[in-house]
Amino acid sequence: MAPLPEPLRRVEAVAYRHGGAALAGRTIPEEIPVAFTYDRATYAVMMASPVDLGDFASGFTLSEGIVERVEDITSLEIVSVEQGIECRMSLVNAAQERVAARRRRIAGPVGCGLCGIESLTEAARPIPRVGEGVVVTPNQIMQAMREMPRLQALNRESHGVHAAAFFDPRAGHILLREDVGRHNALDKLIGAVVREGMSGPEGVVLLTSRVSIELIQKTAMLGASILVAVSVPTAHALRMAEAAGITLAAIARDDGFEVFTHQARIAPKADFPEAKLHVA
């Protein structure tokens, strides 16, 4: 079996700056076609960073509603092939039937999260309403957001990779995944959360991107009740967050953030002590 490609590449360029030209080296992110196959049939192909692919396959399968529990994936193998990478999965019988009913093929560029869908109805499919979830303080959110850059190893070298993180406010625990695609990063995070036995409703999702509808959908599938992002939400995403019961905070910068929906979960004084952050 061929080894998996590295997620970063060092390349040469000619830099034109300050009135002159010079050779320059730069580290850039790799993107590889990643196919998700279920019981030998291809369901989707996404362009993604070739790292944390077990998490990616599990998270995508869960966020798409193909399985209800990660245990419904009975086997998972990551295989490097000539054209890219295959995540080969086997499913329990009930999930196989769902795949057969929804069979489609997606060629998903990194900027798109709904490519390949077959109808407007599928684009607007209902998402679950989250439960009560957690309450956090503004300081906890700001502390967690400030911690993210230190954990973004790929982005620190390339300055071209998104991140999604899961913050457990009671334990002060942060789990983070990276990818060239913001949707992929969140799928990887979802896979990592469930594979490590963490509880979606007990944490906060943190994103380094703007918030579009599919990121709300994926957060709801995880069961997380709070989503925080560094950039703006779309109007559709805001409406979806309101309907799903998700607290949507965005424009999270050094000086604070803005809360758009279900503000009660952001409390200046929560009913538990602020924990010191530690990182997974």
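In case you missed it, the structure is sitting above this.
Residues numbered from 1 in each chain as written. Predicted model: local features only at pLDDT ≥ 70, side-chain atom pairs only at ≥ 80, totals over all residues. Heavy atoms only, no water.

## Section: the pattern of salt bridges
Piece 1. Taken as a whole and judged by the stated rule, the model has 9 salt bridges.
Piece 2. Of the charged contacts, one joins Asp-72 and Arg-69 as a salt bridge, the two residues approaching to 3.2 Å between their closest N and O atoms.
Piece 3. With a closest N to O distance of 2.5 Å, Glu-147 and Arg-150 form a salt bridge. On the criterion of helical spacing, the pair formed by Glu-147 and Arg-150 is a turn pair, its members being 3 residues apart in helix 4 (residues 138-151).
Piece 4. You can call Arg-150 exposed: its relative accessible area is 54%.
Piece 5. Connected via shared salt-bridge partners are Asp-52, Asp-55, Arg-177, Arg-195 and Glu-196. (Salt bridge = Lys/Arg side-chain N within 4 Å of Asp/Glu carboxyl O. Helix = DSSP H or I, 4+ residues; strand = E, 2+ residues; numbered from the N terminus. Buried < 20%, exposed > 50% of the residue type's maximum accessible area, 1.4 Å probe, protein only.)

## Side note on the packing of aromatic side chains
Each pair of aromatic rings is reported with the distance of its centres and the angle of its planes.
Piece 1. Under the defined criterion, the tally for this structure stands at 4 aromatic pairs.
Piece 2. Judged by centre distance (5.6 Å) and plane angle (70°), the rings of Tyr-38 and Tyr-43 are edge-to-face.
Piece 3. Overall, the relative accessible area of 1% leaves Tyr-43 in the buried class.
Piece 4. In textbook terms, an aromatic cluster arises when at least three aromatic residues are bridged by ring pairs, as seen for Phe-36, Tyr-38, Tyr-43, Phe-56 and Phe-60.
Piece 5. The side chain of Lys-188 reaches across the aromatic face of Phe-56, ending 5.8 Å from its centre. (Phe/Tyr/Trp six-rings, centres within 6.5 Å; stacked < 30°, edge-to-face > 60°. Lys NZ or Arg CZ within 6 Å of the ring centre and 35° of its normal.)

## Points about the pairing of strand 3 (residues 32-38)
Piece 1. The buried count for strand 3 comes to 6 of 7 residues, which makes it a mostly enclosed element.
Piece 2. Bridge count for strand 3 against strand 4 (residues 41-48) is 7 bridges, and the pairing is antiparallel. Bridge assignment links Ala-35 to a residue of strand 4, and that residue is Val-45.
Piece 3. Counting the residues between successive antiparallel strands, the hairpin from strand 3 to strand 4 contains 2 residues, one of them, Asp-39, with a positive phi of roughly 50°.
Piece 4. Here 5 bridges tie strand 3 to strand 6 (residues 84-91), and the two strands are oriented parallel to one another. (Pairing = 2+ DSSP bridges.)

## Thoughts on the side chain of Thr-261
Piece 1. Summarising the element assignment, Thr-261 is placed in the loop between strand 13 (256-259) and strand 14 (278-279).
Piece 2. The exposure class of Thr-261 is buried, given its relative accessible area of 1%.
Piece 3. A polar side-chain atom of Thr-261 sits 3.0 Å from the main-chain amide nitrogen of Leu-248.
Piece 4. Apart from residues no more than four positions distant in its own chain, Thr-261 is found in contact with Leu-238, Ala-241, Glu-242, Ile-246, Thr-247 and Leu-248. (Polar contact = N/O pair within 3.5 Å; in protein donor to acceptor, adjacent residues only side chain to side chain. Contact = heavy atoms within 4.5 Å.)

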